[in-house]
Amino acid sequence: MPMLSMEDISISFYGAYANDHVNLHVEAGEIHALLGENGAGKTTLMNILFGIYKAESGRVLWNGSEVCFHSPQEAIRAGIGMVHQHFSLVNAMTVLDNVLLGYEMPLFVPRRKMRARLLELSARYGLKVDPDALVGELSIGEKQRVEILKALFRDIRLLILDEPTGVLTPQETAQLFSVLRHLKERGFAVIIITHRMSEIIAVTDRVTVLRDGRSVATLVTAETTSEELSRAMVGRALGAVQNTQSAQTGRDLLTLRNITVLRSGRKRPAVENVSLTVREGEILGIAGVEGNGQKELAEAVVGIRRGRVRGEILLGERSVSGTSVRTRERLGIAYVPDDRQHDALVPDMDVSENLMLRTYGKAPFSRFHVFRRAQIQKNAQEAVNAYAVRTAGTLGIKSPVRLLSGGNQQKIVLAREISPESRFIVASQPTRGLDLSASTFVREKLLEQKRLGKGVMLISADLEEILSISDRIAVMEGGRITGILPRSEASIDALGLLMGGMEHKQQEESK
Ligand SMILES: Nc1ncnc2c1ncn2[C@@H]1O[C@H](COP(=O)(O)OP(=O)(O)OP(=O)(O)O)[C@@H](O)[C@H]1O
Ligand SMILES: [Mg+2]
């Protein structure tokens with residue numbers, strides 16, 4: 001008897017099925033992947049299990065008996081824990097307080113005991129955390145450990161992780177996987193949602209594939225291949241994108257001279273004395289472990305927090321140092337930020353409105369201060385078609401963006417920023433959260449910008465992505481550029497060494 005059976009589950013929104021008679025069976029002691037394109041219905045299915053949505057048909061069996069949870073609290077009480085696509089921790093509280101938040105505490109248990117229990121769990125599962133640290137000061141990997149401990153603290157038997165690795169460094173991902181294997185050995189079940197085929201192959205026992213809201217296959221990982229999985233997911237095999245174009249490039253388009261970005265209250269700047277050039281028709285990859293100054297460098301280029309930036313920035317021949325975000329936008333600098341939900345979308349506005357946020361009040365969308373509805377809609381429809389955005393049911397381009405699935409929200413920002421008006425694009429983790437075909441499409445789009453003679457700064461934690469489309473690759477470590485290599489000389493190993501700060505240390509020593 002499986003630990004969990006979801007049978008014949010259906011739910012629809014605005015006239016479209018998000019789950020269409022889905023079946024999922026998960027055993028104790030199993031790591032089970034849920035795979036499917038953006039909008040296939042993965043998060044929705046887990047939300048039904050977790051008591052957030054109510055299914056229109058079907059039934060859920062938990063340890064053999066039929067259940068129906070009306071709230072996450074009920075699901076947790078029954079032994080199911082979920083770590084969501086976006087964290088729900090309180091930054092201003094300590095790790096221990098976050099773990100205890102919402103916990104139905106037995107009466108008269110001293111806090112000291114709770115703390116000991118947290119430390120005991122933390123040791124047992126190799127989830128290292130400091131109970132007294134403020135959550136706001138933790139790295140993303142540490143925050144995720146807190147989320148998992150919070151679930152384990154409640155005596156769960158099934159842990160659901162919705163895209164847990166999207167924001168993790170490769171080292172943190174490896175640590176997470178070893179925790180999952182620990183859990184599995186102790187008879188827990190784990191459901192993991194991820195778009196990364198290599199992770200599915202590495203850590204899961206079985207995979208259930210969703211396509212357009214339907215469960216199309218459940219496969220044993222050891223007996224399948226990533227080709228078979230992608231065929232099940234999209235109905236065809238997908239090839240990888242490769243930059244086969246010449247590295248011949250044009251004039252200097254973006255020049256950074258001695259850029260330093262200061263941090264408030266800290267001695268060491270986030271970015272230290274960075275000088276580089278991106279030419280017309282060139283994709284410059286910025287590789288490095290996240291948190292080494294990449295975000296601050298991107299923000300310096302687009303004009304965010306410009307009071308903290310020292311040094312000079314030129315677009316073409318023109319200095320843009322000290323100018324506003326708006327001015328730089330008007331001059332053609334576009335930005336795809338890594339935190340798209342927070343930094344780039346207005347969740348309550350609809351798809352067509354979000355798509356015109358950048359060009360608001362400009363031709364062709366507005367004329368004599370009157371919005372041209374037909375133009376706006378035509379633009380939105382084209383973008384939705386090009387990026388295969390799955391809107392909510394029959395609402396189409398009128399869907400508020402908050403109703404779109406995680407990956408489909410990302411696509412809206414990309415469609416808006418990679419547009420004819422841009423001359424230079426700063427793209428930070430552009431394919432994070434996107435499924436295989438959307439990632440392929442975005443990489444092709446960036447190559448197309450190169451052909452059109454634009455410049456691209458591609459910041460990515462995914463070395464394979466960097467190697468596949470960049471012309472040159474700069475490595476950032478500790479706020480500095482530790483090396484710049486042409487693609488022909490770059491390899492995962494060479495980049496890895498630079499990311500570890502080897503070059504940097506050698507220089508220090510020889511000084
Ligand atoms: N509350 C809601 N109202 C309207 N539509 C919704 C709602 N929740 C989900 N949907 C729709 O259901 C479909 C499936 O969404 P879901 O979030 O389950 O996709 P997903 O497989 O998790 O995708 P992703 O990989 O992008 O996270 C989407 O088309 C989405 O717009
Ligand atoms: Mg999702």
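Residues numbered from 1 in each chain as written. Chains lettered and ligands numbered in written order. Predicted model: local features only at pLDDT ≥ 70, side-chain atom pairs only at ≥ 80, totals over all residues. Heavy atoms only, no water.

Notes on the sheet that holds strand β8 (residues 189-193)
The line we're drawing: We call two strands paired when DSSP finds no fewer than two bridges between them. Runs of E in the DSSP output that reach at least two residues are strands. Runs of H or I that reach at least four are helices, and both are numbered from the N terminus. Think of each axis as a best-fit line through the C-alpha atoms, taken over the contacting stretch in the case of a helix, with angles from 0 to 180 degrees between the N-to-C directions.
In space, the 6 strands of this open sheet follow the order β6-β7-β8-β3-β9-β10, with mixed pairing throughout. Each edge of the open sheet carries a strand with a single partner, namely β6 (80-83) and β10 (214-220). The mean angle between the axes of side-by-side strands here comes to 20°, regardless of whether they run parallel or antiparallel. As defined by bridge partners, strand β9 (residues 206-211) adjoins β10 across 6 bridges and the pair is classed as antiparallel. Note on β10: the bridge partner recorded for threonine 208 is threonine 218.

So, the domain arrangement of the protein
We apply this condition: What counts as a domain boundary in this text is fixed by an automatic or database domain assignment. Should any heavy atoms of two residues lie within 4.5 Å, those residues are counted as being in contact. The term buried area denotes the loss of accessible surface (1.4 Å probe radius) that occurs when two parts are joined, taken as the sum for both partners. We define a salt bridge as a side-chain nitrogen of Lys or Arg found within 4 Å of a carboxyl oxygen belonging to Asp or Glu. The definition of a polar contact used here is a pair of N or O atoms within 3.5 Å, where within protein one atom must be able to donate a hydrogen and the other to accept one, and adjacent residues in sequence count solely through side-chain atom pairs.
Entries for the protein in the domain assignment read domain 1 (4-234), domain 2 (241-332 + 422-511) and domain 3 (345-420). Of the residues lining the interface, 15 residues belong to domain 2; the matching set on domain 3 comes to 12 residues. Overall, the association of domain 2 and domain 3 removes approximately 1100 Å² of surface from exposure, summing both partners, and the carbon and sulfur fraction of that is 59%. Ranking the residues of domain 2 by area buried against domain 3 places Glu329, Ser422 and Phe441 at the top, with a combined share of 35%. For the pair domain 2 and domain 3, the interface holds 0 salt bridges. Counting every contact that joins domain 2 to domain 3 gives 3 residue pairs in polar contact (both at pLDDT 80 or more).

Points about the sheet that holds strand β16 (residues 333-336)
In spatial order, the strands read β16-β19-β20-β13-β21-β22; together these 6 strands make up an open sheet with mixed pairing. In this open sheet, the two edge strands, each paired with only one partner strand, are β16 and β22 (480-486). Put simply, the sheet's adjacent strands are angled 15° from each other on average, direction ignored. Pairing of strand β13 (residues 282-287) with strand β21 (residues 472-477), which is carried by 4 bridges, proceeds in the parallel orientation. By the bridge assignment, alanine 287 is partnered in β21 with valine 475. Lying on the sheet, helix α9 (residues 294-302) is in contact with β13, β16, β19 (424-428), β20 (455-459) and β21; it crosses β16 at an angle near 150°. Along the sheet, helix α17 (residues 492-499) contacts β21 and β22; its crossing angle with β21, the most-contacted strand, is approximately 30°.

Section: unusual backbone geometry
Peptide bonds are, in most cases, trans, and in most cases residues other than glycine have a negative phi. Selection criterion: Partly exposed describes any residue whose relative accessible area lies between the buried limit of under 20% and the exposed limit of over 50%, with all areas from a 1.4 Å probe on protein chains only and scaled to the type maximum.
Backbone geometry at tyrosine 14 places phi at a positive 45°, although glycine is not the residue there. Along the chain, tyrosine 14 falls in the loop between β1 (4-13) and β2 (16-26). The class of tyrosine 14 is partly exposed, set by a relative accessible area of 46%. Unusually for a residue other than glycine, asparagine 63 sits at a positive phi of about 50°. Take asparagine 63: it is sitting in the loop between β4 (57-62) and β5 (65-67).

Points about the confidence of the model for the protein
Heads up, the condition is: Per residue, pLDDT measures the predictor's confidence, with a range of 0 to 100.
Averaged over all residues, the pLDDT of the protein equals 88, while 93% of them reach at least 70. Taken as a whole, residues 503-511 scores under 50 in pLDDT and shows 7 contacts with residues more than four places along the chain or in a different chain.

A short note on the site of ligand 1
Heads up, the condition is: Nearness is judged by heavy atoms alone; a residue qualifies as near a molecule or strand once a single heavy atom is within 4 Å of it. Throughout, the Shrake-Rupley method with a 1.4 Å probe supplies accessible areas, and for residues the shown protein chains are the sole cover considered. Gly is put with the polar residues, along with every residue not named as nonpolar or charged; the nonpolar set is Ala, Val, Leu, Ile, Met, Phe, Trp, Tyr, Cys and Pro, and the charged set is Asp, Glu, Lys and Arg.
Surveying the vicinity of ligand 1 reveals 24 residues, the closest of which are Gly39, Thr43, Thr44, Ser405 and Gly407. Measuring from an oxygen atom of ligand 1, one finds a backbone N or O atom of alanine 40 at 3.3 Å. Contact with the protein chains covers 92% of the free accessible surface of ligand 1, which is 640 Å². Taken together, the elements giving at least two residues each to the shell around ligand 1 come down to α1 (42-49) and α14 (406-417). Looking at the shell around ligand 1, its residues break down into 8 nonpolar, 12 polar and 4 charged. The residue makeup of the shell around ligand 1 includes at least three contributed by each of domain 1 (4-234) and domain 3 (345-420).

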